[in-house]
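# Descriptive analysis of the structure
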Amino acid sequence: MERPNSYCAGLTLALLAAMAISVVAQQPVRHSMSGMVLKVDASQKSVVISHDAVSGVMPAMTMPFEVRDVKELNGLVPGTIVSFTLVLTKDVGYIERVKTIRYQSVEQDPIAARRLRLLANLTGGDRKTLSIGQAVPDFTLINQSRQPVSLAQFKGKVVGVNFIYTSCVLPQFCYRVANHFGVVRDRFKERMGRDLVLLTITFDPARDTPDVLAQYAKQWKADAKTWHFMTGNAADVERVCGLFGVDFFADEGLMSHSVRTAVIDRQGVLVANIEGNRYTAAQLGDLVETALKR
Amino acid sequence: MNTRLALIATALLVAALVPVRSQAPQGQTILFRIIVVESPDAAQRVREQLIAGENFPALAQRLSVDATGRNGGLIGPVAITDLRGELRTALEGLRSGELSGVVRVPTGFAILKIVPSEEASAGGQSSTDSGIMGSGFANALSASGGVKYVFDISGYIETVLSLRQVRGRTDADENLPTLCELRTQLLTSAQGLVAKTLAGTGGSTATTPIDLAVTYFLKGQLHAYEGKMKEAIEAFEQGRRIAVSDANDLLPQMEQALGVAHLHKAEMENGFFHAPGERCLLSDHLTGQLGNNADVAKAIEYFTSYLKGNPDELEVRWLLNVAHMFQGTYPDKVPKAQLIPPDAFKSTEDVGRFVDVSTQSGLESFSASGGVIVDDFDNDGRFDVVTSSILSCDAMRLFKRAGNGRFVDQAEKAGLHTQLGGLNMVQTDYNNDGNLDILVLRGAWETPQRKSLLRNNGDGTFTDVTAASGLMKVSGTQAAVWVDIDNDGRLDLFVGNESSPAQLFRNKPDGTFEDIAEKAGVNKSAFSKGVTAADYDNDGWQDLYVSNLGGTNFLYHNNRNGTFTELGEGAGVPGPGQGFPTWFFDYDNDGYPDIFVGSFVTSVDEVARAYLKMPRNGNTLKLYRNLGDGSFQDVTRQVGLDRVMMVMGANFGDIDNDGFLDLYLGTGNPSYAAIVGSKLFRNKDGKSFVDVTSSSGTGELHKGHGVAFADLDHDGDEEIVFKVGGATPGDAHALRLFENPGHRNDWLTVKLVGVKSNRAAIGARIIVTVDGPSGRRSFHRTVSPGGSFGASPLQQHIGLGSNARNVDVEVWWPTSNTRQRFSNVGKNQFIEVTEFADNYKPLQRGPLPLRVSNVNGTSK
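Residues numbered from 1 in each chain as written. Chains lettered and ligands numbered in written order. Predicted model: local features only at pLDDT ≥ 70, side-chain atom pairs only at ≥ 80, totals over all residues.

Of the regular secondary structure elements, chain A holds 6 helices and 14 strands. Counting the 294 residues in chain A, one finds 53% classified as buried. Contacts spanning at least 24 positions in sequence make up 67% of the contacts within chain A whose residues lie at least 6 apart. (Helix = DSSP H or I, 4+ residues; strand = E, 2+ residues; numbered from the N terminus. Buried ≥ 20, exposed ≤ 12 C-beta atoms within 10 Å, placed from the backbone. Contact = placed C-beta atoms within 7 Å.)

Structure, rendered in structure tokens:
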């Protein structure tokens, strides 16, 4: 496989040591890196990051990193996309200058969604979007087999949630995040349904009927018992989207919308809510794995 | 610049390095395999593994993150032209069995390999998963997923959002004056709230530079909506300054917004919309005669600056060329690298030049996008014109044709001035009293609203009978067709809606309507933008066709028992996926109604691609030829209509009386950047369609909705009436009346009067057979208003070609299933045929000038 399925402290230390040794000079070596936060442990001054590849240095993988100043960890939650500097000396490795990369796509569609959200907030009042660590209130929608499905029935399992509409014309958004779930499903094949459930929710319920969703789900041969493509009445869908901060605005037959991917833990608590499309399926898988281990 | 943008930029750069080439020939299909992984490095490693001899399908199954992975990465057979640009580029020039370089796709980074033909015939066929052209594939790796959509400067969606938020709190859905009032209030209130935010006195403040810039952008949009371009420009300029100092990524968008806003300001202030005349008719010598206009100069400056950083953005390149056309500096001053050459606009054929005579005729309707009906509403033998506008405060207009030929607005006298809003309209005679009634359709793109059924009282007035008729249920619609589905002699009404079930209203003997859509099996829900009706299998029963945006189209076959069966895909008429206007017409005169569907791809980029002969990404228009056995053949490419357009209002008629029906296609999208030009296509003998836009002088650059063809001056050729205008008050435009320059071909105009059949004769067939230079041939027409967006007269104008002799007329009335045949009918005249009558009746239609200098009627 291209990437280890789980992180391993021993391996990591060995790797860091190897890299440090390769440095001839006594000067510390610095690498600019980025990745997705999986787990934060302030008491141990440690953060687990599924990091992107550093070209010519190391492939993408999951690693625990230490910080020297615990303040570096302020504001980090699972799912946060960060940039940071890895510092390697002869003896130790740590990271510094940890910066949250706020999803600020200026692509036409996300920026339009942002503008319309701004207007909606001004004219209609803000919504109540869940924070990380909050319990997700129950909701019930209909899946691609026309069965009512409630979040509550998955207590004890990790739940991944993303949002799409099937007529989406920009494949770097809806299709990409839906496809990410396909990759996650393959990675956790044995645990699907038992430990892990995926929900792909449409924000275009008028067009995305269960039949339409079933057709869409076929692309990944999604099992309707473990990967639910969900729709419902407009009000219910809007409420669920609101919980996760998903914006969608009908525009000339299309939708200007934001992109969100959330992970809910076995206790029904929101542990991550990634904004945007700028993460990999592997990182999402690592995030899910972290939640599975909790 | 962030990583993602950098990657996109790289992808664009790669695309730019590929030499421009014309599309691969149709039918050239390909079978290939793909592995997608998540980083360029990983893709490189995969490539090395493959070179080292690893099995492609096995590796795809193991490593590919794409949905095709489990299928060994197999895709096809597909036409190369249907694939994403990046894939096209990678596959072209690749030999069978050879590996591609690393290609960026929406799901990651890909390696491709063309499947050798031996393997294809062995494995490709046995796999049930081959040919994966489903919805997801179409989206992720197909060309259409690579379309760049138009940049919106109009404020339209913002105002619609405000309306959606308050929907249900008032009776505005049903009460037209309330809706007008509400929308005015909402706009003022939104503008106030944005101003407060920017002044720091509102409840919310922008926290990041991007948010602040976006707030200014919002302010600009709300001004642009009203057409207050000076204020809009000021706001966009504030946004640009923030972008320059603190949000560099936003700079291109701000420059584009400013360029578009300046261009629009120049157009508004220089009468391009009020009195367009010969200006803004897209051709190789378009000149806006503005000379040194400060706003156009600014627009050019911003577009030029934008293109410095993004030289391959075709939308801005297009706009730069248009700005130079306005300034009179096209093509000389357009930088070579950005020039869209004049040759691209040249017509290869000449049908004579049409001239806009709207002002001379008194047909002066200046408003936003709307519908148009041309027909005779007072039975005086002269066509009247009705127009509507999408704006909730705009009243309908009824232009009656006076005896001297001039159009005079009589809406108030007729009681139509209280009918506000309405994107589309269609005429009917639902009560068979011989007076044409009007149905107004509302709510499309916005929120569900009421329709209006306006009964023509026959005394110059109309009465709103919507409630009494049982048609008050609100929906978002602009698509309806009157059709006698049960052959009871009364016209029923089929309505296509946006994201709610279609309605089929049966016209009951007591004059009220009953929605039987569910019972009839025609209540499928889709984002329907066009509906049309005809008896496509000639069994005497009217069938229905529904054109959907963002989905497949429906063909409802009439089961002759009050129910229908949907056969769209099976019959071969699934539509372009982004369907809009549609109609049945017999383009090849073989006696079987064919289907046209306009695709609505809201992309200036795609339009520019067509002019630059670059490969398209979007879905094309569709022409389906009726094979006569219940199925249709997609002949779009064969006849030369494989164009990507953003077609809105559109219709057909015969501009040169050769007996073959031609097309006029308007365009639309609220954005002020969406100025791409209408198209006129001449039908050559039912074999091909030739673009005669430039030579005919009909290429109105601005958006247009309702289109109608009608012989308004009784000289035996059809004029084109074109309701021009965008979706906002700031994009209102004068209607165009393009007078036909004439030609030598013969014609016959036939008005039908139903007796047992519906009186308006909708659905009846006319077959005219003549001896001409190339032998004996027939021309087939079905009585209808034509296309689904814009209504031509029900009276049928039929071109007969040159030197027509021995003219025979046959009329088939499906309701009574009777046929009338008349031999040796005189050509070049107007006749009326009443059902069951032994003889036809010539109609006296004296010349009616379109150029009338004043109300007293001195003809020029």
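In this section: the overall build of chain B. A count of helices and strands for chain B gives 19 helices and 43 strands. In summary, chain B has a C-alpha radius of gyration of 28 Å against a globular reference of 29 Å for 860 residues, a match within 12%. Taken along the three principal axes of its C-alpha coordinates, chain B extends 85 × 70 × 55 Å. Burial analysis of chain B (860 residues in total) assigns 59% to the buried set. Look at the contacts in chain B between residues 6 or more apart in sequence, and 62% of them connect residues 24 or more apart. (Rg over C-alpha atoms; globule rule 2.2 N^0.38 Å.)

Right, let's get into the interface of chain B and chain A. Contacts between the two partners involve 52 residues from chain B and, on the opposite side, 46 residues from chain A. Elements represented by at least two residues in the side of chain B that touches chain A include exactly α2 (40-51), α6 (135-140), α7 (156-166), α8 (176-199), α9 (209-226), β17 (498-501) and β20 (525-534) of chain B.

Moving on to the environment of Ala250 of chain A. If you trace the backbone, Ala250 of chain A turns up in strand β11 (residues 248-251). Considering only alpha carbons, one finds Ala250 of chain A and Ala120 of chain A, 130 residues apart in sequence, at a separation of 13 Å.

Moving on, we come to the sheet that holds strand β40 (residues 805-813) of chain B. All names here are of chain B. The strand order β38-β37-β40-β41 describes an open sheet built from 4 strands, whose pairing is antiparallel. Edge strands, defined here as strands with exactly one partner in the open sheet, are β38 (775-782) and β41 (818-822). Between one strand axis and the next, the sheet turns through 15° on average, direction left out of account. Here β40 pairs with β41 via 5 bridges, running antiparallel. (Pairing = 2+ DSSP bridges. Axes fitted to C-alpha atoms, helices over the stretch in contact; angles between N-to-C directions.)

Now for the confidence of the model for chain B. Residues and elements named next belong to chain B. On average, residues of chain B carry a pLDDT of 91, and 93% of them reach 70 or more. Taken together, the stretch residues 1-26 has pLDDT below 50 and engages in 23 contacts with residues farther than four places along the chain or on a different chain. Confidence drops under pLDDT 50 across residues 123-136; counting only partners more than four residues distant or on other chains, this segment forms 24 contacts. Here the prediction assigns the complex a pTM of 0.91, and the interface score ipTM is 0.87. (pLDDT = per-residue confidence, 0-100.)

On to helix α5 (residues 234-243) of chain A, then. Residues and elements named next belong to chain A. Within α5 the residues assigned to the buried category are Val237, Val240, Cys241 and Leu243. One side of α5 holds all its buried residues, which, seen down the axis, span an arc of 155°. In this structure, the buried residues of α5 make contact with β6 (140-142), β8 (158-164), β9 (196-202) and β11. Positioned one or two residues after α5, Gly245 has a phi angle of 70°, which is positive. (Arc of directions from axis to C-beta.)

All names here are of chain B. Here 4 strands make up an open sheet; going across it, the order is β5-β35-β33-β32 and the pairing antiparallel. Strands at the two margins of the open sheet, each flanked by one partner only, are β5 (355-356) and β32 (704-710). One ladder, built from 5 bridges, connects β32 with strand β33 (residues 719-724); its direction is antiparallel. When the bridges of β33 are listed, Val707 appears paired with Phe722.

All names here are of chain B. In this structure, Pro77 follows Gly76 across a cis peptide bond, with omega equal to 0°. The peptide bond linking Tyr330 to Pro331 adopts the cis configuration, its omega dihedral lying at 0°. Turning to its location among the elements, Pro331 is positioned in the loop between α13 (314-327) and β5. A positive phi is found at Asn487, a non-glycine position, where the angle reads about 50°. On the secondary structure map, Asn487 appears in the loop between β15 (479-483) and β16 (492-496). Residue classification places Asn487 among the buried residues on the basis of 20 C-beta atoms within 10 Å. Positive phi, close to 55°, is recorded for Lys613, a residue that is not glycine. With respect to the helices, strands and loops of the structure, Lys613 is situated in the loop between α18 (604-611) and β26 (622-626).

All right, on to the packing of helix α12 (residues 294-309) of chain B against α13 of chain B then. Residue and element names in this part refer to chain B. Relative to each other, α12 and α13 sit at 155°, their axes nearing to 9 Å. Here α12 is positioned roughly antiparallel relative to α13, judged by the angle of their axes. In terms of crossing hand, the pair formed by α12 and α13 is left-handed. Residues Val296, Ala299, Ile300, Phe303, Thr304, Tyr306 and Leu307 of α12 pack against Val316, Arg317, Leu319, Leu320, Ala323, His324, Phe326 and Gln327 of α13. Of the residues in the contact of α12 with α13, the class split is 11 nonpolar, 3 polar and 1 charged. (Parallel < 35°, antiparallel > 145°, perpendicular 65-115°, else oblique. Left-handed = near helix turned anticlockwise from the far one by under 90°. Nonpolar A, V, L, I, M, F, W, Y, C, P; charged D, E, K, R; others polar.)

Moving on to the pairing of strand β14 (residues 270-275) of chain A. Regular strands show a simple pattern: their side chains alternate between the two faces of the sheet. Residue and element names in this part refer to chain A. Counting buried positions along β14 yields 6 of 6 residues, so the element is predominantly enclosed. As paired elements, strand β13 (residues 260-264) and β14 share 5 bridges and run antiparallel to each other. When the sheet's bridge partners are listed, Thr261 is paired in β14 with Ile274. The antiparallel pairing of β13 with β14 creates a hairpin that spans 5 residues between the two strands, and Gly268 there sits at a positive phi of about 85°.

By the element assignment, Phe527 of chain B lies in strand β20. Given 25 C-beta atoms within 10 Å, Phe527 of chain B falls into the buried group. Linking Phe527 of chain B and Thr552 of chain B, residues 25 residues apart in sequence, is a C-alpha distance of 10.0 Å. When sequence neighbours within four positions are dropped, the list of residues in contact with Phe527 of chain B reads Arg207 and Gly253 of chain A together with Glu498, Ser499, Asn548, Leu549, Gly550 and Gly551 of chain B.

In this section: α9 of chain B. Over its 18 residues, α9 of chain B runs 27 Å from end to end, which matches the ideal 26 Å to within 8%, given 1.5 Å per residue. After α9 of chain B finishes, the residue Gly227 of chain B shows a positive phi value of roughly 85°. (Expected span 1.5 Å × (residues − 1).)

Another aspect to go through is the pairing of β33 of chain B. Residues and elements named next belong to chain B. Along β33, 6 of the 6 residues are buried, which leaves the element largely enclosed by surrounding structure. Neither face of β33 is open: one carries Glu719, Val721 and Lys723, the other Ile720, Phe722 and Val724, and all of them are buried. Here 3 bridges tie β33 to strand β35 (residues 736-739), and the two strands are oriented antiparallel to one another. For Val721, the partnering residue across the bridge sits in β35 and is Leu737.

Direction vectors running N to C along helix α2 (residues 108-124) of chain A and α8 of chain B enclose 105°, while the axes themselves pass 10 Å from each other. It follows that α2 of chain A is roughly perpendicular to α8 of chain B by the angle criterion. From α2 of chain A, Leu119, Leu122 and Thr123 of chain A reach across to α8 of chain B, where they touch Ser189, Ala190, Leu193, Val194 and Thr197 of chain B. Residues of the contact of α2 of chain A with α8 of chain B, tallied by class, amount to 5 nonpolar, 3 polar and no charged.

This prediction gives chain A a mean pLDDT of 88; 89% of its residues lie at or above 70. This stretch, residues 1-11 of chain A, has a pLDDT under 50; its non-local contacts, to residues over four places away or in other chains, come to 17 contacts.

For Asp251 of chain A, the location among the structural elements is in strand β11. When sequence neighbours within four positions are dropped, the list of residues in contact with Asp251 of chain A reads Ser256 of chain A together with Ile157 of chain B.

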